[in-house]
Amino acid sequence: MNRNTCARLLALGCAAAATLAIVPPVASADLLAPRSQCPGQQNIHAAERLQEDSLRCLIDHARERAGVQKLGSNSSLEPSAGRKAGDVMRCGFAHTACGNSADKWAHEYGYSSGTSSWRFGENLAWGKGKRSTARRVLKAWFRSPGHRATLFTGSFEHLGIGLRRGSFAGHRNAGVWVLQVGCRGC
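Being a predicted model, the structure only gives us computed values, none of them experimental.

A.B. asks: An account of the packing of aromatic side chains is needed here, citing residue identities and associated values.
C.D. replies: On inspection of all chains with the given rule, the structure shows five aromatic pairs. Here F142 and F152 contribute two aromatic rings whose centre-to-centre distance is 6.1 Å and whose plane-to-plane angle is 20°, an arrangement assigned as stacked. Here F142, found in helix α7 (residues 134–142), pairs with F152, found in helix α8 (residues 145–152); they are ten residues apart in sequence, far enough to count as distant. For the pair shown, F142 and F152 are each scored as buried. By the ring-pair criterion, three or more aromatic residues cluster together here, those being Y111, W118 and F120. Over the ring of W105 we find R83, and its NZ or CZ is 3.8 Å from the ring centre. R184 extends its terminal NZ or CZ atom over the ring of Y111, reaching a point 5.9 Å from the ring centre.

Here it is as structure tokens:
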């Protein structure tokens, strides 16, 4: 999917538009890992890296429960998601934060390099205080068909997660989350 097509389809979610995802009929409660399984999933005071790892653990658990392959961390999408979270924190809640295309940082960090085809999807979330934990963010994405499709699209192979904490949209103690998923040569 090219950059312009993806930008026009962001309201639907790039993943949902790019792929006819079969979203598993598994109930959201059955997809959630136990509170004890992914350390830091409810701790807004934990280091950002631990919270990102917690969301990754929660996503792995959910995909496994839904019968979808786990996503591997990617050396291009990880920094891309972090940069995007910074853009959203600075410029506002949008896939095109700071006037950039949704996949700008994925391109900049080389995710699309060396392949003739690739797919990209992205979920954003933000919350204040306890509403910004990894567990609460994932539960919110489960309730949204477009975000849920991004989480469970079987053709995606890689992910990157970015979290930035601070003041956002007039709220202190906020967390901005970015999940980027993709596949290369698909």
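A.B. asks: Before we move on, can you summarise the state of the cysteines with the specific residues and values?
C.D. replies: In a disulfide, the sulfur atoms of two cysteines are held together by a covalent bond. In the structure shown here, the tally under the stated rule is three disulfides. With a sulfur-sulfur separation of 1.9 Å, C91 is cross-linked through a disulfide to C98. Judged by the sign of its S-S torsion, about 90°, the bond between C91 and C98 is right-handed. Given the relative accessible area of 44%, C91 is considered partly exposed. C98 gets classed as partly exposed once you look at its relative accessible area, which sits at 34%.

A.B. asks: I'd like a rundown of the pattern of salt bridges, residues and numbers included.
C.D. replies: Throughout the structure, instances matching the rule amount to eight salt bridges. E78 serves as the salt-bridge partner of R56, at 2.7 Å between the closest nitrogen and oxygen. Taken as a pair, R56 in helix α4 (residues 48–65) and E78 in helix α5 (residues 77–91) lie far apart in primary sequence, 22 residues in all. You can call E78 buried: its relative accessible area is 14%. Note that E122 and K84 form a salt bridge whose closest N and O atoms lie 2.8 Å from each other. Here E122 is found in strand β2 (residues 118–128), whereas its partner K84 is found in helix α5, with 38 residues between them in sequence.

A.B. asks: Got a sec to walk through the nonpolar core? Specific residues and values, please.
C.D. replies: Of all hydrophobic cores here, the largest spans 26 residues; its most connected members are I59 and L138. When residues of this core are traced back to their parent elements, those giving at least two are α4, α7, α8, β3 (158–168) and β4 (171–184). The element that contributes the greatest number of residues to this core is α7, accounting for five residues. Apart from residues lying up to four places away in sequence, I59 is in contact with L71, L138, L151, L159, I161 and L179. Ranked by size, the runner-up nonpolar core spans ten residues in total, among them A81, A97, L124 and A174.

A.B. asks: Go over the side chain of N123, please, and point to the residues and values.
C.D. replies: Relative to the elements of secondary structure, N123 occurs in strand β2. Within the structure, the side chain of N123 is placed 3.2 Å from the backbone oxygen of H147, a separation counted as a polar contact. Looking at N123, its side chain comes within polar contact range of the side chain of T150, at 3.4 Å. Beyond its immediate stretch of four places on either side in the chain, N123 contacts W141, H147, T150, L151, W177, V178 and L179.

A.B. asks: Describe the pairing of β4, with residues and values.
C.D. replies: The buried count for β4 comes to ten of 14 residues, which makes it a mostly enclosed element. Relative to β4, β2 runs antiparallel, the two being bridged by eleven bridges. Residue pairing in the sheet places K128 in a bridge with A174 of β4.

A.B. asks: How would you sum up the pairing of β3? Please name residues and give values.
C.D. replies: Along a regular strand, successive side chains alternate from one face of the sheet to the other. Here strand β1 (residues 72–73) runs beside β3; their pairing, made up of two bridges, is parallel. Bridge assignment links S73 to a residue of β3, and that residue is L159. Two elements, β3 and β4, share ten bridges in a ladder whose sense is antiparallel. Directly across from F168, in β4, lies its bridge partner H171. From the end of β3 to the start of β4, which pair antiparallel, there are two residues, and A169 there has a positive phi angle of about 50°.

Scoring rules and cut-offs
- Residues numbered from 1 in each chain as written.
- Predicted model: local features only at pLDDT ≥ 70, side-chain atom pairs only at ≥ 80, totals over all residues.
- Heavy atoms only, no water.
- Phe/Tyr/Trp six-rings, centres within 6.5 Å; stacked < 30°, edge-to-face > 60°.
- Helix = DSSP H or I, 4+ residues; strand = E, 2+ residues; numbered from the N terminus.
- Buried < 20%, exposed > 50% of the residue type's maximum accessible area, 1.4 Å probe, protein only.
- Lys NZ or Arg CZ within 6 Å of the ring centre and 35° of its normal.
- Disulfide = S-S within 2.5 Å.
- Salt bridge = Lys/Arg side-chain N within 4 Å of Asp/Glu carboxyl O.
- Core = buried A, V, L, I, M, F, W, Y, C linked by side-chain atoms within 4.5 Å.
- Contact = heavy atoms within 4.5 Å.
- Polar contact = N/O pair within 3.5 Å; in protein donor to acceptor, adjacent residues only side chain to side chain.
- Pairing = 2+ DSSP bridges.

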